[in-house]
Number of protein chains: 4
Amino acid sequence: MSKYDDIKQSAYDANMQLPKLRLVLFTFGNVSAVDRNQGVFAIKPSGVPYDELTPEKMVIVDLDANVVEGSLRPSSDTKTHAVLYKHWQTIGGIVHTHSMYATAWAQAQRDIPIYGTTHADHTTVDIPCAAPMHDDMIKGDYEHETGFQIINCFKERGLSYEDVEMVLVGNHAPFTWGKTPAKAVYNSAVLETIAQMAYLTENIKADALRLKDSLIKKHFERKHGPDSYYGQ
Amino acid sequence: MSKYDDIKQSAYDANMQLPKLRLVLFTFGNVSAVDRNQGVFAIKPSGVPYDELTPEKMVIVDLDANVVEGSLRPSSDTKTHAVLYKHWQTIGGIVHTHSMYATAWAQAQRDIPIYGTTHADHTTVDIPCAAPMHDDMIKGDYEHETGFQIINCFKERGLSYEDVEMVLVGNHAPFTWGKTPAKAVYNSAVLETIAQMAYLTENIKADALRLKDSLIKKHFERKHGPDSYYGQ
Amino acid sequence: MSKYDDIKQSAYDANMQLPKLRLVLFTFGNVSAVDRNQGVFAIKPSGVPYDELTPEKMVIVDLDANVVEGSLRPSSDTKTHAVLYKHWQTIGGIVHTHSMYATAWAQAQRDIPIYGTTHADHTTVDIPCAAPMHDDMIKGDYEHETGFQIINCFKERGLSYEDVEMVLVGNHAPFTWGKTPAKAVYNSAVLETIAQMAYLTENIKADALRLKDSLIKKHFERKHGPDSYYGQ
Amino acid sequence: MSKYDDIKQSAYDANMQLPKLRLVLFTFGNVSAVDRNQGVFAIKPSGVPYDELTPEKMVIVDLDANVVEGSLRPSSDTKTHAVLYKHWQTIGGIVHTHSMYATAWAQAQRDIPIYGTTHADHTTVDIPCAAPMHDDMIKGDYEHETGFQIINCFKERGLSYEDVEMVLVGNHAPFTWGKTPAKAVYNSAVLETIAQMAYLTENIKADALRLKDSLIKKHFERKHGPDSYYGQ
């Protein structure tokens, strides 16, 4: 028994969804779950195959990315998670994958345009693609800087991390988050679907137009905010 | 026991086919089953995952979309179903999905051209894509108006809902219907296949020609009408 | 017991491979198995879902497509099978599917160019796409004429049905055959793979060149003919 | 019992991963495992379906491709494996597949450009596509020459087989290798993923730029070499 059992279980459960949703090949992805009261998060150990994972193997680290408990090395992306948890106070879980279509958009260094209501059901803006990082950031504390690349992208564009729970890091791959690790995984799967739909849309019609504002607003507010009427 | 058990069971069975046929991610879809004698239909509850569904959880609503029985909130698309049932007298089931290829065509705001006999086996015209809705319809009673957008599209084009059992709503996604909920689900899977084949066809040959009339007529009449000779 | 039990079983086994290999949606395909001594073939009954098939349900017809045994109606494509068996003496099984990529090439009315050794492992020429049929053939005995459209395509191009065991019918879909029904099914899966590879090749490099002759010859003869050294 | 049991088992295990990872159709692939001390390798028998394989059926051949033990004929690609083992001293396993996207790039005769960190996590250069072979090599000892085509490609480009564990053979398909057969299979799956991501990237943005050097170096060194910090 550990006082971190809850977040270990929740990080484990969320990690195990990634292969089930076909969002990862081998070990190319990780999920973390934060405990705000104790100031720590549980994250997947680095390079451990999903079918060998157990809740006990989750690594506990603090918000400066120091290991607090666990005998395995944490995900090599741990510092990115730490920076996001530290600066974005209300998120409870973070996911990183190299899912196929979202990663292709990241490699193309393009925002994913909002083409339909599947997109607008989840967010009202194009999915931002943060610029590839500068060489000094890459040569510096790379994963730490990756967190800031994401945060700065949101600042510069005036986006709120509570409204937009997903980002592409240019040349790299997507990160998603949410109030819980399960929601962050849900966002990863939604992002992959949106990315594939946008890919197909442009290959059907080269000059496809972004969704108009009234439809964006309508679909988003059906599902979110005071007047929503989706779900129980 | 309820006097609506039959349509609850049939709506449940049809809903459960959607994930099996890979037509939905998470809860992005719904099926309803109508009982014309009792003037009501059974529909999926909103936002409930497919693996938590039971026949008992189906919601019974009348053709004005008022809940008649059930403790859960019905699908947020319920008013669209209600309008279609009310105006189109002979349909027994309706399906809405955000299936990948059909949705991409809807996002591209294009009819799906009839390129081959797989398409002509099911209908003799291009799959219509209704125009994106006007802002006043979107800001008004949106799902109710979505039903009229579909009905008006069929009226303007002189199409019969009995001949063409599928439509794309521009920027949104497909709706299909049929004499039974099972047939409506079948149509959803057929539409997704036709949509993918047309996508591939255009990407093989940019200037692909629509199927010629004699072949359209032949393949359709092999399967439908007085001289059909397909099936038992 | 029936004197046709062997071909019923072999047609049944081959039909059941189609959904397993993801070559069919619902009932969009059929396989037949011929018994040359008895002058009949066993074929899938029309419109019967694969999971309701049994060997007993296979329909026995003669090479003029007359039903000899069986209470169900045979596949609507039966006459095409009959013509091919009658004119092509050494084939033992025939398959018709609407598999995704092969059908897209048929809809684009294009031969599949030979771009690589996966193709050359099986045949040395482009996969022929027979022209869409003339209106009088379509309005006449359509499925009977479909068989002649295939045979005439091979005659005009000087192809041997023993060297090339697959064809696309323009605007329609593929037919494949082989010495056994199992080999015909194998060819259907190979054709679908070749079709997808050629699709991707052209979308990577618009001006891709056909495979050169020496490599075509080498790969084909590795697997076929007196000097082959593939397999046991 | 045989003194080759270890490599038979390891070749068997690795071969069985290919269908599981969806890298092969039917028998279109093979894996071998070398025993450097005994100067032999175990390889898949030619043309035997994966579900009929057993460790005992693996064929033992020496580095000149002579069969040493086993009643079945070895893979028709055996000589290519033999040449690679003979010249590249530190590899322990080799894989050949016709996986879909990697083969499409080979058919297009293009190197796979390095577009993202998924690629850089594994190697720092474009995946080389060896030129299609000259006619005299094809008409000569083809599979033997295929080995030299790969080795010469690496020589001409100044690549090390220890740094780059994968290659496309123009017009043919990929070969991968590694210190163990399991690593070689891992590389096959990684290559297929990289190939698909690059395909999608170019279809999203025609003029996509190669990944910049600093990011290539960073991601590669996160996972490899003295300063790596990925994995346990």
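Keep in mind the model is a prediction, meaning the values are calculated, not measured.

> Would you mind going over the overall build of chain A with me for this structure?
Summing up its helical and strand segments, chain A has 8 helices and 8 strands in all. For 232 residues, the compact-globule estimate of 2.2 N^0.38 gives 17 Å, and the C-alpha radius of gyration of chain A, at 17 Å, lies within 12% of that figure. Taken along its principal axes, the extent of the C-alpha atoms in chain A is 55 × 45 × 30 Å. Burial statistics for chain A: of 232 residues in total, 62% are counted as buried. Considering only intrachain contacts with a sequence separation of at least 6, the fraction spanning at least 24 residues in chain A is 63%. Surface summary for chain A: the accessible area is close to 8,700 Å², and the carbon and sulfur share equals 49%. In chain A, 23 positive and 29 negative side-chain charges are present, and the distance between their average locations comes to 4 Å.

> Got a minute to help me understand the layout of surface pockets in this structure?
Rolled over the atoms, a probe sized like a water molecule indicates the empty space that remains. Residue and element names in this part refer to chain B. In this structure, the second largest pocket encloses a volume near 620 Å³. Forming the walls of the second largest pocket are 23 residues, and the residues nearest its centre are Glu165, Lys183, Tyr186, Asn187 and His224. Counting residues per element, the ones that place at least two in the lining of the second largest pocket are α7 (181-204) and α8 (213-223). Grouping the constituent residues of the lining of the second largest pocket by class yields 6 nonpolar, 10 polar and 7 charged.

> Is there a simple way to explain the sheet that holds strand β4 (residues 67-69) of chain B in this structure?
Sheets are built from strands that pair by backbone hydrogen bonding, the pairs being arranged parallel or antiparallel. Residues and elements named next belong to chain B. Read from one edge of the open sheet, 8 strands run β4-β3-β2-β1-β5-β8-β7-β6, paired in mixed fashion. Of all strands in the sheet, those with a lone pairing partner are β4 and β6 (129-130), marking the two edges. As paired strands, strand β3 (residues 59-62) and β4 are joined by 2 bridges and run antiparallel to one another. Of the residues in β4, the one forming a bridge with Ile60 is Glu69. Helix α6 (residues 142-157) rests against β6, β7 (166-169) and β8 (174-178) of the sheet, and its axis sits at about 115 degrees to β7.

> For this particular structure, what's the right way to read the relation of the copies chain B and chain A?
Taken together, a rotation about one axis and a shift along it account for how the two chain copies relate. If you rotate chain B by 90 degrees and push it 0.0 Å along the axis, it lands on chain A with an RMSD of 0.0 Å. The relationship between the two copies is best expressed as a four-fold rotation axis. Residues of chain B ranked by C-alpha distance from the rotation axis are headed by Asn203(B), positioned 5.6 Å from it.

> Would you explain the interface of chain B and chain A in this entry?
Many authors give the size of an interface as the accessible area that is lost as the parts come together. At the junction of the two partners, chain B supplies 36 residues and chain A supplies 34 residues. Across the chain B to chain A interface the summed buried area is about 3,200 Å²; carbon plus sulfur atoms make up 56%. Considering only the side of chain B, the residues that lose the most area to chain A are Arg73(B), Met100(B) and Gln107(B), jointly responsible for 20% of the buried surface there. At the junction of chain B with chain A, the criterion picks out 3 salt bridges. Lys212(A) is the salt-bridge partner of Asp135(B), the closest N and O atoms lying 3.2 Å from each other. Counting across the interface, chain B meets chain A through 19 residue pairs in polar contact (both at pLDDT 80 or more). Of all the elements in the fold, those that place two or more residues in the side of chain B that touches chain A are α3 (100-107), α5 (135-139), α6 and α7 of chain B.

> Just to check I follow, could you spell out the packing of aromatic side chains for this structure?
Pairs of aromatic rings are described using the distance from one ring centre to the other and the angle between the two planes. Per the counting criterion, the structure on display carries 32 aromatic pairs over all chains. Aromatic side chains Phe41(C) and Tyr85(C) sit 4.9 Å apart centroid to centroid with 45 degrees between the ring planes, which places their arrangement in the tilted category. Of this pair, Phe41(C) sits in strand β2 (residues 40-43) while Tyr85(C) sits in helix α2 (residues 78-87), and the two are 44 residues apart along the sequence. Under the relative-accessibility criterion, Tyr85(C) is labelled buried at 0%. Chaining the aromatic ring pairs together yields one cluster made of Trp88(A), Phe154(A), Tyr161(A) and Trp177(A). The side chain of Lys223(C) reaches across the aromatic face of Tyr230(C), ending 4.0 Å from its centre.

> I'm lost on the pattern of salt bridges in this one. Help?
It is possible for side chains of opposite charge to pair when their charged atoms get near one another. Taken as a whole and judged by the stated rule, the model has 47 salt bridges over all chains. Notably, a salt bridge pairs Glu143(D) with Arg222(C), separated by 2.6 Å at the nearest N-O pair. Here Arg222(C) lies in helix α8 (residues 213-223) and Glu143(D) lies in helix α6 (residues 142-157), a pairing that spans two chains. Each of Asp77(A), Glu143(A) and Arg222(D) takes part in a single network of salt bridges with overlapping partners.

> What's the story with the interface of chain C and chain D in this structure? I'm lost.
Contact with chain C, which involves 34 residues of that partner, is made by 36 residues of chain D. Summing both partners gives a buried area of about 3,200 Å² for chain C against chain D, and 56% of it is carried by carbon and sulfur. Looking only at chain C, the three residues that lose the most surface to chain D are Ile204(C), Tyr230(C) and Gln232(C), adding up to 21% of its buried area. For the pair chain C and chain D, the interface holds 3 salt bridges. Between Arg222(C) and Asp77(D) there is a salt bridge, with the nearest N and O atoms lying 3.1 Å from each other. Inspection of the chain C/chain D interface yields 19 residue pairs in polar contact (both at pLDDT 80 or more). Along the lines of polarity and charge, the residues of the side of chain C that touches chain D split into 14 nonpolar, 13 polar and 7 charged.

About the cut-offs
- Residues numbered from 1 in each chain as written.
- Chains lettered and ligands numbered in written order.
- Predicted model: local features only at pLDDT ≥ 70, side-chain atom pairs only at ≥ 80, totals over all residues.
- Heavy atoms only, no water.
- Helix = DSSP H or I, 4+ residues; strand = E, 2+ residues; numbered from the N terminus.
- Rg over C-alpha atoms; globule rule 2.2 N^0.38 Å.
- Buried < 20%, exposed > 50% of the residue type's maximum accessible area, 1.4 Å probe, protein only.
- Contact = heavy atoms within 4.5 Å.
- Areas by Shrake-Rupley, 256 points an atom, 1.4 Å probe, with all protein chains shown as cover.
- Lys, Arg positive; Asp, Glu negative; His and termini not counted.
- Charge placed at Lys NZ, Arg CZ, Asp CG, Glu CD.
- 1 Å grid on protein atoms, 1.4 Å probe; cavity = no way out; pocket = protein on both sides within 12 Å on 5 of 7 lines; lining within 4 Å.
- Points joined across faces, edges and corners; volume = space filled by probe spheres on them.
- Nonpolar A, V, L, I, M, F, W, Y, C, P; charged D, E, K, R; others polar.
- Pairing = 2+ DSSP bridges.
- Axes fitted to C-alpha atoms, helices over the stretch in contact; angles between N-to-C directions.
- Least-squares fit on C-alpha atoms with pLDDT ≥ 70 in both.
- Buried area = accessible area lost by both parts, 1.4 Å probe.
- Salt bridge = Lys/Arg side-chain N within 4 Å of Asp/Glu carboxyl O.
- Polar contact = N/O pair within 3.5 Å; in protein donor to acceptor, adjacent residues only side chain to side chain.
- Phe/Tyr/Trp six-rings, centres within 6.5 Å; stacked < 30°, edge-to-face > 60°.
- Lys NZ or Arg CZ within 6 Å of the ring centre and 35° of its normal.

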